[in-house]
Amino acid sequence: MKNILVIAVTLLICSVTFTFGQAQETKTQIQKKDQANLYNDFYFSYGTGTIFFFVNNESLEGQTLSGTFLVGFARSMNKVISVGFQLSYTNIGRTGTDYYYDYNYNQSVSTNIEMTDNLWQGIANVRFRYLNKPSFCMYSGIGLGVTMDYYSKTTDGTSTTKGRKLLPAGQLTLLGFRVGRAFSFFGEFGIGTNSIINAGVSYKFGE
């Protein structure tokens, strides 16, 4: 009887010790899953206010902007600096009336114009985090890259000219913030070929 009691107590102690160890390990794993310790960041966002919309306006009356759809990936080099690459798409449409003087008939002639720019951008960027909490961070950043503009111009609904041209791309993030641990919401304010205001979702993983 005494041997059975000793065995039972021993098993109980081992069980409690194992359970406590598992709880401590689980707690440690949960503690490691703060955003500062997850070094891979995959994100998707939508922004508006590309500088292309304001610079290349062609003086036409009607203008439409789809906004910028962006997907990117960043890898943290340490707790402060991360580097990455992002791809984005923006559509800009313009309609209006253009006037020119026809010297053959000595009169002013108007033409209806429709223009479309499909902008595909690839930008490599660097971010600098100056506030890095477990579920919140603030950062600034800068990026440089290229833009491929697939454009078309239709005159009076009949004559259409299509082409593509290579343009510079760049984005300066003055203020960015991220709220959450692995899965989070983030927002950015800056200026560049992508957007002025940008917001989206982010997922961080890997140590």
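Residues numbered from 1 in each chain as written. Predicted model: local features only at pLDDT ≥ 70, side-chain atom pairs only at ≥ 80, totals over all residues. Heavy atoms only, no water.

(A) Up close: the overall build of the chain. Each helix and strand counted, the chain has two helices and eight strands in total. Shown N-terminal to C-terminal, the secondary structure of the chain runs as helices and strands in the order α-β-α-β-β-β-β-β-β-β. Classification of the 207 residues of the chain by burial places 34% in the buried group. Counting contacts in the chain only where the partners sit at least 6 residues apart, residues at least 24 apart contribute 61% of the total. Total accessible area on the chain stands at roughly 12600 Å², and carbon and sulfur atoms take up 65% of it. (Helix = DSSP H or I, 4+ residues; strand = E, 2+ residues; numbered from the N terminus. Buried < 20%, exposed > 50% of the residue type's maximum accessible area, 1.4 Å probe, protein only. Contact = heavy atoms within 4.5 Å. Areas by Shrake-Rupley, 256 points an atom, 1.4 Å probe, with all protein chains shown as cover.)

(B) Main features of the pairing of strand S7 (residues 183-192). Pairing of S7 with strand S8 (residues 197-205), which is carried by seven bridges, proceeds in the antiparallel orientation. Paired with Phe-186 across the bridge in S8 is Gly-200. The turn linking S7 back onto S8 is made up of four residues. (Pairing = 2+ DSSP bridges.)

(C) Just the confidence of the model for the chain, in detail. Averaged over every residue, the pLDDT of the chain is 82; residues scoring 70 or more account for 74%. Confidence over residues 1-20 falls short of pLDDT 50; this stretch has zero contacts with residues more than four positions distant or in other chains. Low pLDDT, under 50, characterises residues 23-29; the stretch is placed with zero contacts to residues that sit more than four places away or in other chains. (pLDDT = per-residue confidence, 0-100.)

(D) Inspection of the nonpolar core at higher detail. Counting residues in each nonpolar core, the largest one holds six residues, listed as Tyr-43, Leu-70, Ala-74, Cys-137, Tyr-139 and Phe-186. Elements that contribute at least two residues to this core include exactly strand S2 (62-76) and strand S5 (136-155). Once residues within four sequence positions are removed from consideration, Phe-186 is found in contact with Tyr-43, Phe-44, Ser-45, Tyr-139, Phe-177, Arg-178, Asn-198, Ala-199, Gly-200, Val-201 and Ser-202. (Core = buried A, V, L, I, M, F, W, Y, C linked by side-chain atoms within 4.5 Å.)

(E) Local environment of the side chain of Thr-193. Structurally, Thr-193 can be placed in the loop between S7 and S8. Within the structure, the side chain of Thr-193 is placed 2.5 Å from the side chain of Gln-121, a separation counted as a polar contact. If near-sequence neighbours (up to four positions away) are discounted, Thr-193 is found in contact with Thr-50, Ile-51, Phe-52, Gln-121, Ile-123, Pro-168, Ala-169, Gly-170 and Gln-171. (Polar contact = N/O pair within 3.5 Å; in protein donor to acceptor, adjacent residues only side chain to side chain.)

(F) Structural context of the side chain of Thr-50. If you trace the backbone, Thr-50 turns up in the loop between strand S1 (40-48) and helix H2 (51-55). Of note is the side chain of Thr-50, whose polar atom sits 2.6 Å from the backbone oxygen of Thr-193. Dropping the residues within four chain positions of it, Thr-50 is found in contact with Leu-65, Thr-90, Ile-92, Gly-192, Thr-193, Asn-194 and Ser-195.

(G) Geometry of the environment of Gly-47. Examined against the element boundaries, Gly-47 turns out to sit in strand S1. Taking the C-alpha atoms as reference, Gly-47 lies 4.0 Å from Asn-198; in sequence the two are 151 residues apart. Sequence-distant contacts of Gly-47, that is, excluding residues within four places in its chain, are made with Gly-67, Thr-68, Ser-195, Ile-197 and Asn-198.

(H) Inspection of the pattern of salt bridges at higher detail. Enumeration according to the criterion identifies three salt bridges in this entry. For Arg-94, the salt bridge identified is with Asp-117, shortest N-O distance 3.0 Å. Separated by 23 residues along the polypeptide, Arg-94 in strand S3 (residues 81-102) and Asp-117 in strand S4 (residues 107-133) bring together distant segments of the chain. Across the pair, exposure class does not vary: Arg-94 and Asp-117 are buried alike. Taking the shortest distance from any N to any O, the salt bridge between Arg-127 and Glu-188 comes out at 3.3 Å. Of this pair, Arg-127 sits in strand S4 while Glu-188 sits in strand S7, and the two are 61 residues apart along the sequence. Members of the salt-bridge network, linked through shared partners, are Asp-41, Arg-127 and Glu-188. (Salt bridge = Lys/Arg side-chain N within 4 Å of Asp/Glu carboxyl O.)

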